[in-house]
Amino acid sequence: MCTGKCAKCIAVVLYPLALASIICNILLFFPDWDSKYVEADEEGKERLTPEVKYMGGLLGGGIMVLIPAIHIHLTGKQGCCANRCGMFLSIGFAAVGVAGAVYSMSVAAVGLSKGPVCKIAGIYWGRPFDNNGTYLSDPDSWKICVEPAGVVEFNVALFSILLAVACLELALCGFQMVNGLFGCICGTCNGKESS
């Protein structure tokens, strides 16, 4: 496969991954599908998991991958000099995507390891699983969180999706850096196929 077509394929896969990352991060702001936790958090009461507010999925896995995906998609088109300049620029844009994916992955991993903020045994708000990633293998311990309802499952599911998406984005953007290097040296080969 030529480097131009490969760039298009990578970009097409990055679009839904960036969208999934953005959606997951936005959903994390509404545990129990209620906005009262965001409002309470704005008033200074800690009700949201801090890693949600770092917006790793929205900024890192979302915007920092979506913008490079658009450019990478466009580098697959025919241009002058076999689009070597576009492929060269795609290396830099893919590096931005790698940085965004690493940020998203880091935030999701920390969010998973520290667990959610919740009302513990109906008494006070806090992080009962802070620095205790073993809670992931002990679902019975999740009952300690009584409010928001199902917050542990909610956070584990969404942070796991963010982590998996970030890993895929990292691999694809890393591969595009190599593909861009070959495209810069050899050209996109789009002109060869049309003749």
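S.K.: Would you explain the overall build of the protein chain in this entry?
M.R.: A count of helical and extended segments in the protein chain gives seven helices and three strands. Along the chain direction, N to C, the helices and strands of the protein chain fall in the order α-α-α-α-α-β-β-β-α-α. Looking at the protein chain alone, contacts between residues at least 24 apart form 73% of all its contacts between residues at least 6 apart. In the structure as shown, the protein chain presents an accessible area of about 9400 Å², 69% of it carried by carbon and sulfur atoms.

S.K.: How should the sheet that holds strand E1 (residues 118-120) be read in this particular structure?
M.R.: What holds strands together in a sheet is hydrogen bonding between their backbones, with the strands either parallel or antiparallel. The strand order E2-E1-E3 describes an open sheet built from three strands, whose pairing is antiparallel. With partners counted over all chains shown, the strands left at the sheet margins are strand E2 (124-126) and strand E3 (145-147), one partner each. Within the sheet, the average angular offset between the axes of one strand and its neighbour, ignoring direction, is 55°. Pairing analysis gives two bridges linking E1 to E3, with the strands arranged antiparallel. When the sheet's bridge partners are listed, Lys119 is paired in E3 with Glu147.

S.K.: When you look at the state of the cysteines in this model, what are you seeing that I'm missing?
M.R.: Two cysteines joined by a covalent bond between their sulfur atoms form a disulfide. As enumerated under the stated definition, the model contains one disulfide in all. The side chain of Cys118 participates in a disulfide bridge whose partner is Cys145; the two sulfur atoms lie 2.0 Å from each other. Between Cys118 and Cys145 the disulfide shows an S-S torsion of about -50°. By sign, it is left-handed. Separated by 27 residues along the polypeptide, Cys118 in strand E1 and Cys145 in strand E3 bring together distant segments of the chain. With a relative accessible area of 0%, Cys118 lands in the buried category. The exposure class of Cys145 is buried, given its relative accessible area of 10%.

S.K.: What am I meant to see in the packing of helix H4 (residues 56-75) against helix H5 (residues 84-114) here?
M.R.: Each pair of packed helices can be described by the angle between their axes along with the distance between the axes. At their nearest, the axes of H4 and H5 sit 8 Å apart, and the two run at 160° to each other. Classified by the angle their axes make, H4 and H5 are roughly antiparallel. Taken as a pair, H4 and H5 cross one another with a handedness that is left-handed.

S.K.: Please clarify how the nonpolar core should be interpreted in this entry.
M.R.: Considering soluble globular proteins, one finds that nonpolar side chains tend to be buried as a cluster. Grouped together as the largest cluster of nonpolar side chains are 22 residues, with contacts concentrated most on Leu28, Val152 and Phe159. Listed by contribution, the elements that provide at least two residues to this core are helix H1 (3-28), helix H2 (36-42), H5, E1 and helix H6 (151-186). Broken down by element, this core gets its largest block of residues, seven residues, from H6. Membership of the second largest hydrophobic core comes to 12 residues, among which are Cys6, Ala18, Val65 and Ala94.

S.K.: Just to check I follow, could you spell out the pattern of salt bridges for this structure?
M.R.: Close approach of charged atoms lets side chains of opposite charge pair. For the structure on display, the rule yields three salt bridges. With a shortest N-O distance of 3.9 Å, Glu43 and Lys45 are connected by a salt bridge. For Glu43, a relative accessible area of 57% corresponds to the exposed category. On the accessibility criterion, Lys45 (41% relative accessible area) is partly exposed.

S.K.: Help me out: how do you make sense of unusual backbone geometry in this one?
M.R.: Negative phi is the rule for most residues except glycine; trans is the rule for most peptide bonds. The residue after Glu147, namely Pro148, is reached through a cis peptide bond having omega -10°. Within the secondary structure layout, Pro148 lies in the loop between E3 and H6. Located in the positive-phi region is Asp32, a residue other than glycine, with phi close to 60°. With respect to the helices and strands, Asp32 occurs in the loop between H1 and H2. Residue Asp32 is classed as partly exposed on the basis of its relative accessible area of 36%. For Trp33, which is not glycine, the phi torsion reads 55° and is therefore positive. Relative to the elements of secondary structure, Trp33 occurs in the loop between H1 and H2.

S.K.: For this particular structure, what's the right way to read the packing of H5 against H6?
M.R.: Running from N to C, H5 and H6 point in directions that differ by 160°, and their axes come no closer than 7 Å. With respect to H6, the axis of H5 lies roughly antiparallel. In this structure, H5 crosses over H6, and the sense of that crossing is left-handed. Taken together, the residues of the contact of H5 with H6 break down into 26 nonpolar, 10 polar and two charged.

What counts, and at which threshold
Residue indices follow the written sequence of each chain, beginning from 1 at its first position. Under the rules for a predicted model, residues below a pLDDT of 70 receive no local features and side-chain atom pairs below 80 are neither given nor counted, while totals for whole chains, interfaces and linings still include all residues. Derived side-chain values reflect all non-hydrogen atoms in the structure, with water molecules and hydrogen atoms excluded from consideration. Numbering of helices and strands runs from the N terminus, with a helix taken as a DSSP run of H or I at least four residues long and a strand as a DSSP run of E at least two residues long. The contact rule is simple, with two residues in contact once any of their heavy atoms fall within 4.5 Å. For every accessible area listed, the method is Shrake-Rupley and the probe measures 1.4 Å; residues are considered covered only by the protein chains on display. At least two DSSP bridges between two strands are required for those strands to pair. Here, axes are lines fitted to C-alpha atoms. For helices the fit covers the stretch in contact, and angles between N-to-C directions go from 0 to 180 degrees. Counting rule for disulfides: a pair of cysteine sulfur atoms within 2.5 Å. Throughout, exposure labels follow a simple rule: accessible area from a 1.4 Å probe, protein chains only, divided by the maximum for the residue type, with under 20% read as buried, over 50% as exposed, and the rest as partly exposed. Note that the term roughly parallel is reserved for angles under 35 degrees, roughly antiparallel for angles over 145, roughly perpendicular for angles of 65 to 115, and oblique for everything else. Helix crossings fall into two classes, left-handed where the near helix is turned counterclockwise from the far one by less than a right angle and right-handed where it is turned clockwise. We call a set of buried Ala, Val, Leu, Ile, Met, Phe, Trp, Tyr and Cys residues a nonpolar core when their side-chain atoms join them within 4.5 Å. By definition here, a salt bridge exists when the distance from a side-chain nitrogen of Lys or Arg to a carboxyl oxygen of Asp or Glu is within 4 Å. Residues are grouped as follows: nonpolar covers Ala, Val, Leu, Ile, Met, Phe, Trp, Tyr, Cys and Pro; charged covers Asp, Glu, Lys and Arg; every other residue, Gly included, is treated as polar.

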